[in-house]
Every structure is written in C-alpha cells, then in structure tokens.
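Secondary and tertiary structure notes
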Amino acid sequence: MKLYVKKYKILGCLTRLRILNILLRHDSGLYVCEIVDILKEKQYNISKHLNLMKMVGLIVEEKQGRRVLYKPNYTKENKDLFASVLYVADTHKEIFEEDIKRTEKIVRMRSGRGMF
C-alpha cells in the first residue's frame, strides 16, 4: 500500500503528469532529448523527474546503445493510476494539448529518419 501512495504522490507535480501523459500516448517510448523538446524544460530537470518515476515503478527504461528509451510500466498495479492520468489530461486539454502536438511531430520526424 505504501508504494501505491508514493506513486500518487509522485504525480502531484505537473511536470511528471505531463511526462507520463506523453509516454502513455506514445507507449513505444521516448528518449530524454525528445521529452526535453516536447516539454520545453531543462534536461537535468526532466532526468530528475524520470528517475523519481522509475524508482516507484511507473516507467521503465530500455537501453539502446548510448541512448535510453523511457516507457510506461504497464503493470496491474499501475492500470488505475494510468487511467487517472489520461482522464486528467483529457479533461484539462488546455494544459496538455501542446505536449501532445509536439510529441506527434517528434515521433513523425523520428520515423522519417528511420530510427526504429
């Protein structure tokens, strides 16, 4: 139960909500540099938030050479929490819609370069 509470506390930060929202909407994963470009935040700040979310099991990382791809950690325990994040993002589109547009643009650019 303590870990469950920690996961919800972690999402008390708008930046972490924004990160998890874009990862959930593009669940094949995003690199730190892409998340930085999408959210228009400093790299060290994004890395700090990603590490906190990884520590409580909300996200997982997949090493690809020198780069790390971050993805949602789809577990039974995270299912309701992820649904809550998507609900909040859908009901407050004015906060999250630019992130989604930037994510789609970056993903299109990545697929055009043949990175996958």
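Whatever comes next refers back to the structure up there.
Residues numbered from 1 in each chain as written. Predicted model: local features only at pLDDT ≥ 70, side-chain atom pairs only at ≥ 80, totals over all residues. Heavy atoms only, no water.

1. Points about the side chain of Lys7
Put simply, the test is: Secondary structure is summarised from DSSP: a helix means a run of H or I of at least four residues, a strand means a run of E of at least two, and numbering begins at the N terminus for each. For every residue, the accessible area (1.4 Å probe, protein chains only) is compared with the maximum for its type, and the residue is labelled buried under 20%, exposed over 50%, or partly exposed between those bounds. Charge counting follows a simple rule: Lys and Arg are positive, Asp and Glu are negative, and His as well as the terminal groups are ignored. In what follows, salt bridge is the name for a side-chain nitrogen of Lys or Arg lying within 4 Å of a carboxyl oxygen of Asp or Glu. Two residues qualify as a contact provided that any one of their heavy atoms is within 4.5 Å of a heavy atom in the partner residue.
Mapping Lys7 onto the fold places it in helix α1 (residues 2-10). One buried charged side chain, Lys7, makes no salt bridge at all; its nearest oppositely charged neighbour is Glu77, positioned 5.4 Å away. Setting aside anything within four residues of it in sequence, one finds Lys7 in contact with Val56, Gly57, Leu58, Glu77, Asn78 and Leu81.

2. Describing the nonpolar core
For the record, the criterion: What is meant by a nonpolar core is a set of buried Ala, Val, Leu, Ile, Met, Phe, Trp, Tyr and Cys residues, joined one to another through side-chain atoms within 4.5 Å.
Leu20, Ile35, Leu50 and Leu58 are the most contacted members of the largest nonpolar core, which totals 28 residues. Mapped onto this core, the elements with two or more residues apiece are α2 (14-25), α3 (32-39), α4 (43-55), β3 (67-72), α5 (79-91) and α6 (93-112). The element contributing the most residues to this core is α2, with six residues. Leaving out residues up to four positions away in the same chain, Leu20 has contacts with Leu11, Met53, Ile59, Leu81, Phe82 and Val85.

3. Thoughts on the environment of Leu39
Counting through the fold element by element, Leu39 comes out in helix α3. Residue Leu39 is classed as buried on the basis of its relative accessible area, which comes to 3%. Each C-alpha atom, one on Leu39 and one on Val85, is 17 Å from the other, the two residues being 46 residues apart in sequence. Residues contacting Leu39, with those up to four places away along its chain left out, are Thr15, Arg18, Ile19, Ile22, Ile46 and Asp99.

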